[in-house]
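Given next are the chains, with one letter for each unit.
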Amino acid sequence: MKPLSNTGLVIDEGLIFERSIKGRKGYSLPELDVPEKDITEILPKESIRDELRKFPEVSEVDVVRHYTRLSQLNFAVDMNLYPLGSCTMKYNPKINEDAARINGFARCHPFQGAEISQGALQIMYELGRYLCIITGLEDITLQPAAGAHGEFTGMKMIHKCLEKRGNPRKFIIIPDSAHGTNPASASLCGYQILQLKSDERGCVDLKALSDLMTDEVAAIMLTIPNTLGLFEESILEVVKIVHSKGGFVYMDGANLNALMGKVLPGSMGVDVLHINLHKTFSTPHGGGGPGAGPVAVNQELAPYLPVPKVKKDKDRYDLDFLIPDSIGKIHSFYGNFGVLLKAYSYIRTMGAIGLKKASETAVVNANYIQASLKERFHLTYDRFCKHESVLSDKFQKENHITTMDMVKRLIDFGFHPPVVYFPLIVPGAIMIEPTESESKQTLDDFISAWLQIADEAENQPELIKKAPHVTKHRRLDETFAARKPKLVWSPDK
Amino acid sequence: MFKYIPNTDDDISKMLEKIGVESVDDLFSDIPESLRLQKPLNLPAPLSEIELERELKEISSKNADASEYKYFTGGGAYNHYIPSIVNHLISRAEFYTAYTPYQPEVSQGTLQGIFEYQTMISDLLEMDLANASMYDGASAFAEAVLMSSRIRKKGNKVLIPKSLNPAYRQVMDTYTNNTGIKVIEIPYNKQGQLDLDFLKNNLDNETISVSVQNPNYFGCIEDLSSIAEVLKQGKSFLIGIVTEALSLGLLKSPGHYGADILVGEGQSLGIPVSFGGPYLGLFASKKEYMRQVPGRLCGETLDTDGKRGFVLTISTREQHIRREKATSNICSNQGLCALMTAIYMSTMGKQGMREVATINLQKANYAREKIRNVKGYELVFETPSFNEFLVKCPKPTQDINRKLLENKMVGGLDISCYYPELSDCMLFTMTELVSKDDIDRLCEILEEVAK
């Protein structure tokens, strides 16, 4: 018998296909209770497929073992600090998971009609109202399935509104610190990108903005706080410059976790923003979704919201498909309802005081890490941050140790690496966002891990270069994967 | 104190001391004073877990759901059996509280899960490769139309069938309406299938792509082989669409007939209907278009010890590297839904996929024959179908549905808002969750209403 290769209790696991044994079965279905016909009497013979080639034949036990073992190869928020900057990996409350699994929500069909969907529509309506209150904006769509989907929706609304005014315009201004989805979403709407440089304080360079801003610019896309974790101090001037030329201010709300109950984007002059419910509102990231990216707008953009919209008439909720100037539909149905429910449950748990406390604590936690590490790791913009802090490998480079080396070493201490090499304007960036979910003890452990790594970078650089040392897999060859792509398993090889 | 926020006031003061400020508000001093909120947000007071549970229970009780009602409703979202282990396994925190697997050494669980998903989905769709998922079927279709126009460069015409799920058409319109793409609808013929003559007459050098949904929105199985034959002559892309993925347990995929891109909705494969989302956009293509595919791809590689492992790959297509030149703006996709589907497909396996598809076919066939024999009801199209079929009713569908609701049944879909010519018609769906008794009872009520 082949010995199990394992590290501690984590067991090596092959592909599910490699477990397959002919004749095994993992499902149970009832006997057919209608008179059976030969399927060739029902279907044209040529439309019937051959047997699936690659699907496994496995028992229920096989499936459970397989995925349980796979799960043990993952790092997760429920294990420890997961400090990915701008990703807001906060704790995902369990009651929210229960909410999404209630039969009266999970087993509702999207076409069953408003009459027997009053509860689902009420959740959507109320969540929409709460999000408008939190952002200080007028109206909202819950349809976008993720942040980037929300960005696209917002851009479409701006385009449509300007088109109605006579000229959809050509350009979108985007700071050099922006997330890659911003230019990609603007470009998907047919806009060209004007890149705006940041000033020496990490914010919008007002002079550069004035030079770029013309009556051919449709909007500025601004992440607030930005990806350096800094609040846009001159936001009122920025808004003034953009509005004076008839442009819109689009706020990327990815970092809204720093602002709840502290400032309203609407009162800053923001015209439209998307909210990542899977960041600020605690819904899980699921290893890459599903998320939800509601888009809130001011009165001017409200007529262009996607259809359908949830409306309330006295005590009755309904879906409104008749919005003459709407940009149209952007989702097969009404959005990621199950995710919306979790955000609803979170807001009801936290209330106004809890949300404000979350933002405040997130900011304290980030500044505590920044204050504790900035002597050993270079801090480009030395000022108070909001929810995240961006350090770099500038000091360690002298010993030929890079950000990538150090974050791989961090894994050995039981922490997930921060976001690295982003934002692009900080070479070797290490972008740390602790969120409010972490206690001082956890932060102290995290800080001492980094301080030890700073020591090792000076004294034992080889140890860092070969990290991680305790994971099931060592560093993986990404270049090889991209050069000779193998995206599916194949039985012959 | 809030239970999701561990730090006490004492912790906070110690931290503030280290930071070198007096109060939390000092950390917000960069917000212009005129903007700082003085009042609390006007939200309902926080609820304890007991109160929240009570509230959710009460709100949910205003909905009908499949634990109480029988559904004969589909049209792009389907009530199917979900093996119990799917929910148990995706509820493992290591899966659902992880992020996109950017650090492969600590994300092999998610990555191997995606690799296996890509393998099974491409096998099911009979395509060379599949990505890690899109938002849903409709947005996947929109991305397919954009991708084909990116590759083909020439032309501005896109042919789509009138018998396409209307939501897919609408979402595609939103994505493409200022790109210069001209959409032409191919009518359906008397059999409810795509009109081949119209296709032949409108296919030219300007045609970027031709799309076909199978089974189509009316439930009819298309003559894919003849459609593929027509397309052979030109350079237009064939985009296949499958909105009921379970049908592929039994039916050949458009991939079998040489579709260049295949998209669809994966909800039927282990994902609850959940009032329309989260679902799963399927996206697959031929090998030669790999570098134009939107979204994440997972590939096999080796670690420094030579051990097999998995990573996200060919990322130079994506927004975080290519920014405005990326193949799509998509970042977060539907990762956990893809995992649900992978678990579902593993559990059902080779045999189960065919068996469950066959049960759908047999039940729907039984219901189709039975309903058409109820006095006053007619089958609209004779063309073979999988688990959905369109019935012309003797009474307004609202009246019928009201009567069905009284009997804890949710009837077929009225599609006349999209097809005024098909008024008083109901699109019925039968899955493995309805029994013969349910169908018989349905027919009794239909008969009663018709009187």
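Just so we're clear, the structure is a prediction, and the values are computed from it rather than from any experiment. (Residues numbered from 1 in each chain as written. Chains lettered and ligands numbered in written order. Predicted model: local features only at pLDDT ≥ 70, side-chain atom pairs only at ≥ 80, totals over all residues.)

Engineer: Give me the lowdown on the overall build of chain A, citing residues and values where you can.
Structural biologist: Helices and strands together make up the secondary structure of chain A, namely 15 helices and 15 strands. Each principal axis of the C-alpha atoms in chain A carries an extent, and together these give about 75 × 70 × 45 Å. Split into buried and exposed, the 493 residues of chain A put 58% on the buried side. Restricting to contacts in chain A with at least 6 residues of sequence separation, those with at least 24 account for 71%. (Helix = DSSP H or I, 4+ residues; strand = E, 2+ residues; numbered from the N terminus. Buried ≥ 20, exposed ≤ 12 C-beta atoms within 10 Å, placed from the backbone. Contact = placed C-beta atoms within 7 Å.)

Engineer: Can you break down the overall build of chain B residue by residue, with the values?
Structural biologist: Scanning chain B from terminus to terminus reveals 13 helices and 15 strands. Based on the C-alpha atoms only, the size of chain B along its principal axes is roughly 80 × 55 × 50 Å. When burial is assessed residue by residue, chain B has 61% of its 451 residues classed as buried. The long-range share in chain B, meaning contacts at least 24 apart out of those at least 6 apart in sequence, stands at 72%.

Engineer: I'd like a description of the nonpolar core, backed by residues and values.
Structural biologist: Nonpolar side chains tend toward joint burial in soluble globular proteins. Among the nonpolar cores identified, the biggest contains 301 residues, and A:Y250, A:L340 and B:I343 are the most heavily contacted of them. Per element, the largest residue contribution to this core is 20 residues, and it comes from helix α11 (residues 337-373) of chain A. When sequence neighbours within four positions are dropped, the list of residues in contact with A:Y250 reads A:G154, A:I158, A:A219, A:I220, A:M221, A:L222, A:V272 and A:L273. (Core = buried A, V, L, I, M, F, W, Y, C linked by C-beta atoms within 7 Å.)

Engineer: With reference to specific residues and values, describe the packing of helix α12 (residues 403-412) of chain A against helix α13 (residues 440-459) of chain A.
Structural biologist: Residue and element names in this part refer to chain A. The geometry of α12 relative to α13 is characterised by a closest axis approach of 10 Å and an angle of 130° between their N-to-C directions. Taken together, α12 and α13 sit at an angle that is classed as oblique. The interaxial crossing formed by α12 with α13 has right-handed handedness. Facing α12, whose interface residues are M406, R409 and L410, α13 presents A449, I453 and A457. Here the contact of α12 with α13 is composed, by residue class, of 5 nonpolar, no polar and 1 charged. (Axes fitted to C-alpha atoms, helices over the stretch in contact; angles between N-to-C directions. Parallel < 35°, antiparallel > 145°, perpendicular 65-115°, else oblique. Left-handed = near helix turned anticlockwise from the far one by under 90°. Nonpolar A, V, L, I, M, F, W, Y, C, P; charged D, E, K, R; others polar.)

Engineer: Now, about the interface of chain A and chain B: what can you tell me, with residues and values included?
Structural biologist: Taken residue by residue, the interface counts 169 residues in chain A and 165 residues in chain B. If one sorts the elements of the side of chain A that touches chain B by residue count, α11(A) sits on top with 23 residues. For the side of chain A that touches chain B, the class distribution of residues is 89 nonpolar, 50 polar and 30 charged.

Engineer: Could you give me a rundown of the domain arrangement of chain A, with the residues and numbers involved?
Structural biologist: The domain architecture assigned to chain A consists of domain 1 (6-71), domain 2 (95-349) and domain 3 (355-479). Look at where the C-alpha atoms of domain 1 of chain A and domain 3 of chain A centre, and you get two points 43 Å apart. (Domains from an automatic or database assignment.)

Engineer: So, the sheet that holds strand β8 (residues 281-285) of chain B: which residues are in play, and what are the values?
Structural biologist: Residues and elements named next belong to chain B. If you walk across this open sheet you meet the 7 strands as β2-β8-β7-β6-β5-β3-β4, and the pairing is mixed. The open sheet has two free edges, formed respectively by β2 (129-130) and β4 (182-186), since each of these has just one partner strand. Two strands pair when backbone bridges link them, and β2 and β8 are joined in this way by 2 bridges, in the antiparallel orientation. Within the sheet, the bridge partner assigned to A130 lies in β8 and is A284. Sheet contacts for helix α6 (residues 137-152): β3 (157-161), β5 (207-213), β6 (237-242), β7 (261-265) and β8; angle to β7, the most-contacted strand, approximately 165°. (Pairing = 2+ DSSP bridges.)

Engineer: Explain the domain arrangement of chain B residue by residue, including any values.
Structural biologist: Residues and elements named next belong to chain B. Per the domain assignment, the segments making up chain B are domain 1 (70-81 + 350-450) and domain 2 (84-344). One C-alpha centre belongs to domain 1, the other to domain 2, and the line joining them spans 28 Å. In this complex, domain 1 contributes 25 residues to the contact, which on the side of domain 2 involves 24 residues. Here the side of domain 1 that touches domain 2 is composed, by residue class, of 14 nonpolar, 8 polar and 3 charged.

Engineer: Please set out the pairing of strand β12 (residues 388-392) of chain B residue by residue, giving values where relevant.
Structural biologist: Residues and elements named next belong to chain B. For β12, the buried fraction is high: 4 of the 5 residues fall into the buried class. Note that strand β11 (residues 378-379) and β12 share 2 bridges and pair antiparallel. Paired with E378 across the bridge in β12 is K392. In the sheet, β12 pairs with strand β15 (residues 425-429) via 5 bridges, with the strands oriented antiparallel.

Engineer: A description of helix α5 (residues 118-135) of chain A should follow, citing residues and the corresponding values.
Structural biologist: Residues and elements named next belong to chain A. Across its 18 residues, α5 extends 26 Å between first and last C-alpha, which sits within 8% of the 26 Å expected from 1.5 Å per residue. Regarding α5, the residues found buried are G119, A120, L121, Q122, I123, M124, L127, G128, Y130, L131, I134 and T135. Of the residues trailing α5, G136 is marked for its positive phi of about 70°. (Expected span 1.5 Å × (residues − 1).)

Engineer: Residues and numbers for the packing of α6(B) against helix α7 (residues 166-176) of chain B, please.
Structural biologist: In a packed pair of helices, the relevant descriptors are the angle between the two axes and the axis-to-axis distance. Residue and element names in this part refer to chain B. Where α6 contacts α7, the two axes come as close as 8 Å, and the packing angle between them is 50°. With respect to their mutual orientation, α6 and α7 come out oblique. Crossing of α6 against α7: the hand is right-handed. Only A167, Y168, V171, M172, Y175 and T176 of α7 make contact with α6, whose side of the interface consists of G137, A138, S139, F141, A142, V145 and L146. Of the residues that constitute the contact of α6 with α7, the class distribution is 10 nonpolar, 3 polar and no charged.

Engineer: So what about unusual backbone geometry? Which residues, and what values?
Structural biologist: Backbone phi values are negative for most residues with the exception of glycine, while trans is the configuration of most peptide bonds. For the bond from A:A467 to A:P468, the omega torsion is 0°, close enough to zero to count as cis. For A:P468, the location among the structural elements is in the loop between α14 (461-465) and α15 (478-483). Of note, the amide linkage connecting B:G277 to B:P278 takes the cis form, showing an omega dihedral of 0°. Mapped onto the fold, B:P278 is located in the loop between β7 and β8. Of note in the backbone geometry, A:Y421 takes a positive phi value of approximately 60° without being a glycine. The exposure class assigned to A:Y421 is partly exposed, which follows from the 18 C-beta atoms found within 10 Å. Within the chain, B:I314 stands out as a residue other than glycine whose phi angle is a positive 50°. Positionally, B:I314 belongs in the loop between β10 (308-312) and α10 (319-322). With 19 C-beta atoms counted inside 10 Å, the residue B:I314 sits in the partly exposed group.

Engineer: So what's going on with the environment of A:P168? Residues and values would help.
Structural biologist: Residues and elements named next belong to chain A. Structurally, P168 is set in the loop between α6 (147-165) and β4 (171-175). For P168, a count of 17 C-beta atoms within 10 Å puts it in the partly exposed group. A sequence separation of 232 residues divides P168 from H400, and the C-alpha atoms of the two residues are 50 Å apart. Excluding its chain neighbours within four sequence positions, the residues that come into contact with P168 are H159, L162, E163 and A218.

Engineer: Could you give me a rundown of the confidence of the model for chain B, with the residues and numbers involved?
Structural biologist: Of all residues in chain B, 100% attain a pLDDT of 70 or more, and the chain-wide mean is 97. Overall fold confidence for the complex sits at a pTM of 0.97, while the interface term, ipTM, reaches 0.97. (pLDDT = per-residue confidence, 0-100.)

Engineer: Which residues make up the pairing of strand β15 (residues 429-432) of chain A, and what values do they have?
Structural biologist: Regular strands place side chains that alternate from one sheet face to the opposite one. Residue and element names in this part refer to chain A. The alternating pattern of β15 places A429 and M431 and I430 and I432 on opposite faces, both of which are buried. Direction of pairing for strand β13 (residues 389-392) relative to β15: antiparallel, over a ladder of 4 bridges. Within β15, the residue paired with S392 across the bridge is A429. In this sheet, β15 lies alongside strand β14 (residues 419-420) in antiparallel orientation, the contact comprising 2 bridges. Opposite V419, over in β15, you have M431 as the bridge partner.

Engineer: An account of the sheet that holds β11(B) is requested, with residue identities and associated values reported.
Structural biologist: Residues and elements named next belong to chain B. One open sheet accounts for 4 strands, arranged β11-β12-β15-β14; its pairing is antiparallel. Here the strands that pair on one side only, and so sit at the sheet edges, are β11 and β14 (413-414). As paired elements, β14 and β15 share 2 bridges and run antiparallel to each other. From the neighbouring strand, D414 faces β15, where its bridge partner is M426.

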